[in-house]
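Secondary and tertiary structure notes
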2 protein chains.
Amino acid sequence: MVACGVVRTPAEEDIALRLLQIEQGIEEWLDRHRPDKVAVERVFAQHNVRTVMGTAQASAVAMLCATRRGIPVALHTPSEVKAAVSGSGRAEKAQVGAMVTRILRLDAPPKPADAADALALAICHIWRGTANNRIAAALSRVREPRP
Amino acid sequence: MVACGVVRTPAEEDIALRLLQIEQGIEEWLDRHRPDKVAVERVFAQHNVRTVMGTAQASAVAMLCATRRGIPVALHTPSEVKAAVSGSGRAEKAQVGAMVTRILRLDAPPKPADAADALALAICHIWRGTANNRIAAALSRVREPRP
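**Some details on the overall build of chain A**
Helix and strand content of chain A: 5 helices and 2 strands. When the helices and strands of chain A are placed in sequence order, the string is α-β-α-β-α-α-α. Out of the 147 residues in chain A, the part that is buried amounts to 34%.

Spelled out as structure tokens, the structure:
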């Protein structure tokens, strides 16, 4: 199962309090959904440095909550996610939303757009995991000593 | 009292595990020293973007641990810290170490250099707090209605 939710915190709020609210939101989901894995976006400081710092700090909280419970954390870059669902690492936000809707057979694109991004990340993780497992299985067959 | 310690985590370790180790280190100190306030460096992405992301994530963990216990968190920029202890916002690392040694009447500069930086941050916070309180007190006297 792929679970998805969006925690919103007021932008004018103190950063330390916002991180605490994010932690509480994530803890509630981990309690409710008991995931086997958590996928987190790997953050790069490319465009808007100010925004990216907040994203890096929020993602740190997500990683911390998962690791504290022994849940493995996987990081994927935004381009990996876009490429996984749309075939292009430079896909537009709307394209990602459309593909998530199609892949998960939803009636309408998930809202807010952040929810679509989170679902794309989960899909990316599952698909990459499957591909990696197949490659590993194929390699182990190749490497097996012949009878 | 000013308490200071350095948590080191192996650079080759998984980022999620490193954040967890930082959390455990900070929790131990909070248990041991029961601080009234926690001062954290305000991180800017100026020079080395890669390093700064890690610093932002580690500082998120520190803020989270303090806020979770209801301890107020204050953020100070590196230039505020340098200016507070040395009089110049562009002071060199060695100069900061020398001033921390003098202010706290230590026999030798604290090692590693990160410990000196942490002590400078604490000194900055205490001095700025005192200055702010004096200004507030002076203002309240000025504003008091005359008898």
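From this point, the narrative continues.
**Focus: the relation of the copies chain A and chain B**
Relating one copy of the chain to the other takes a rotation about an axis and a shift parallel to that axis. The two copies are related by a screw operation: chain A maps onto chain B through 180 degrees of rotation and 0.0 Å of translation along the axis, at an RMSD of 0.1 Å. Put plainly, the chains are arranged around a two-fold axis. Within chain A, the C-alpha atom positioned nearest to the axis of rotation is that of Gln57(A), 2.4 Å from it. Interface overlap between copies: 100% of the residues of chain A at the interface are likewise at the interface in chain B, consistent with a symmetric, same-surface contact.

**Quick notes on the pattern of salt bridges**
All chains considered together, the criterion is met by 18 salt bridges over all chains. When the shortest N-O distance is used, the salt bridge between Arg69(A) and Glu27(A) registers 2.5 Å. Pair noted here: Arg69(A) is in the loop between helix H2 (49-68) and strand S2 (73-76) and Glu27(A) is in helix H1 (residues 15-33), with a separation of 42 residues, a long-range link. Notably, a salt bridge pairs Arg69(A) with Asp31(A), separated by 3.0 Å at the nearest N-O pair. Here Asp31(A) lies in helix H1 and Arg69(A) lies in the loop between H2 and S2, a separation of 38 residues in the sequence. Note on Arg69(A): relative accessible area 31%, which makes it partly exposed. What emerges from the salt-bridge pattern is a single network uniting Glu23(A), Glu27(A), Asp31(A), Arg34(A), Arg68(A), Arg69(A), Glu23(B), Glu27(B), Asp31(B), Arg34(B), Arg68(B) and Arg69(B).

**Observations regarding the packing of helix H3 (residues 78-86) of chain A against helix H4 (residues 93-103) of chain A**
All names here are of chain A. Look at H3 against H4: their axes get within 9 Å of each other, and the N-to-C directions meet at 50 degrees. Taken together, the axes of H3 and H4 lie oblique to each other. Between H3 and H4 lies a crossing whose hand is left-handed. Note on element contacts: H4 touches H3 through Gln95, Val96, Met99 and Ile103, opposite Lys82, Val85 and Ser86. The class makeup of the residues in the contact of H3 with H4 is 4 nonpolar, 2 polar and 1 charged.

**Some points on the side chain of Thr9(B)**
Residue and element names in this part refer to chain B. Among the secondary structure elements, Thr9 is positioned in the segment before helix H1 (15-33). When its relative accessible area of 16% is taken as the criterion, Thr9 is described as buried. Only 2.7 Å separates the side chain of Thr9 from the side chain of Arg18, close enough to count as a polar contact. Setting aside residues up to four positions removed in sequence, Thr9 forms contacts with Arg18, Gln21 and Ile22.

Rules and cut-offs
- Residues numbered from 1 in each chain as written.
- Chains lettered and ligands numbered in written order.
- Predicted model: local features only at pLDDT ≥ 70, side-chain atom pairs only at ≥ 80, totals over all residues.
- Heavy atoms only, no water.
- Helix = DSSP H or I, 4+ residues; strand = E, 2+ residues; numbered from the N terminus.
- Buried < 20%, exposed > 50% of the residue type's maximum accessible area, 1.4 Å probe, protein only.
- Least-squares fit on C-alpha atoms with pLDDT ≥ 70 in both.
- Contact = heavy atoms within 4.5 Å.
- Salt bridge = Lys/Arg side-chain N within 4 Å of Asp/Glu carboxyl O.
- Axes fitted to C-alpha atoms, helices over the stretch in contact; angles between N-to-C directions.
- Parallel < 35°, antiparallel > 145°, perpendicular 65-115°, else oblique.
- Left-handed = near helix turned anticlockwise from the far one by under 90°.
- Nonpolar A, V, L, I, M, F, W, Y, C, P; charged D, E, K, R; others polar.
- Polar contact = N/O pair within 3.5 Å; in protein donor to acceptor, adjacent residues only side chain to side chain.

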